Amino acid sequence: LVTMSKNIFDKTKIITRKEVYSNGTFSVQADSAISGYIDIPVGSGVDLYISGLTPYATGMDRYIWFYTDAKATIGTLQNIDNLIGEKYFTIPENARYVAFSIYQRKTSAETINLDTIQVEFGAVKTDYVPFKQGISRIDALPIAADFGDIVITPKTSGKKLLIFGDSISETASISEDG
C-alpha cells in the first residue's frame, strides 16, 4: 500500500483531457479528467466509497471501472451521477485497480475541487482526510504504525561521542536522526 491515510486518491496522479470510456479504456476527451489507476491492495475489503466529487450541471455521468493485474476490465461498467458527488461500490473479486472520471465531458462553469475527493475502503463515507503517501503494508502485513504528527526524537540526538581507536581519536556530533 502506498498511502498512510484512509484516502487512497492522490490528486497529483490525475490525467486531464482523458475520460474513462464505456469500455474501460482511457480515451482522449478535452472536457474530462480521470483518476488514473488507483491500486487496490490484496486484503483491502470488498467495498469502496468515492466522495467529495464536485457536482456539475452539464456533461455526462462519471464512468468507473475496476481492473485486473493486467489492467483488463473486470465486473461491469458503473457510474457516478454528475449531479451527485459520491457513491458506494462493491469491489469485484480479483480487482487490483480502480479508475474513474473526476468529471466527464463537463461544459458548465463549476470549478472542480480536487482537495475534497476521497476514495476509501468501506461501505460508509467518513470525514475527509488528505492523501498521505508512504508504505504501511507489504502483502497486507503492517510494517509500521502511523504516528500522525508526533515527532519521535532519538535518544542520541544532540549528544557528542568521543571515539578512541588504535591511533586515531575523533570527536563527532550525532546527527538529528540518530
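For the structure, see preceding data.
A brief structural summary. (Residues numbered from 1 in each chain as written. Predicted model: local features only at pLDDT ≥ 70, side-chain atom pairs only at ≥ 80, totals over all residues. Heavy atoms only, no water.)

1. Comments concerning the environment of Thr 107
- Along the chain, the position of Thr 107 falls in the loop between strand S8 (97-103) and strand S9 (118-121).
- Thr 107 gets classed as exposed once you look at its relative accessible area, which sits at 58%.
- Placed 75 residues apart in sequence, Thr 107 and Ser 32 show a C-alpha to C-alpha distance of 9.3 Å.
- Within the structure, the side chain of Thr 107 is placed 2.8 Å from the side chain of Thr 58, a separation counted as a polar contact. (Helix = DSSP H or I, 4+ residues; strand = E, 2+ residues; numbered from the N terminus. Buried < 20%, exposed > 50% of the residue type's maximum accessible area, 1.4 Å probe, protein only. Polar contact = N/O pair within 3.5 Å; in protein donor to acceptor, adjacent residues only side chain to side chain.)

2. With respect to the pattern of salt bridges
- Scanning the entire structure with this criterion turns up six salt bridges.
- Salt-bridge contacts for Glu 19 lead to Arg 105; the nearest nitrogen and oxygen are separated by 2.8 Å. Of this pair, Glu 19 sits in strand S1 (residues 15-20) while Arg 105 sits in the loop between S8 and S9; the two residues are 86 residues apart in sequence, bridging distant segments of the chain.
- By relative accessible area, which is 30% here, Arg 105 ends up partly exposed.
- The shortest N-O distance in the salt bridge between Asp 39 and Arg 96 comes to 1.9 Å. Taken together, the positions of Asp 39 in strand S3 (residues 38-39) and Arg 96 in the loop between strand S7 (87-90) and S8 put the pair 57 residues apart, joining distant regions of the chain.
- Overall, Asp 39 belongs to the partly exposed group, its relative accessible area being 23%. (Salt bridge = Lys/Arg side-chain N within 4 Å of Asp/Glu carboxyl O.)

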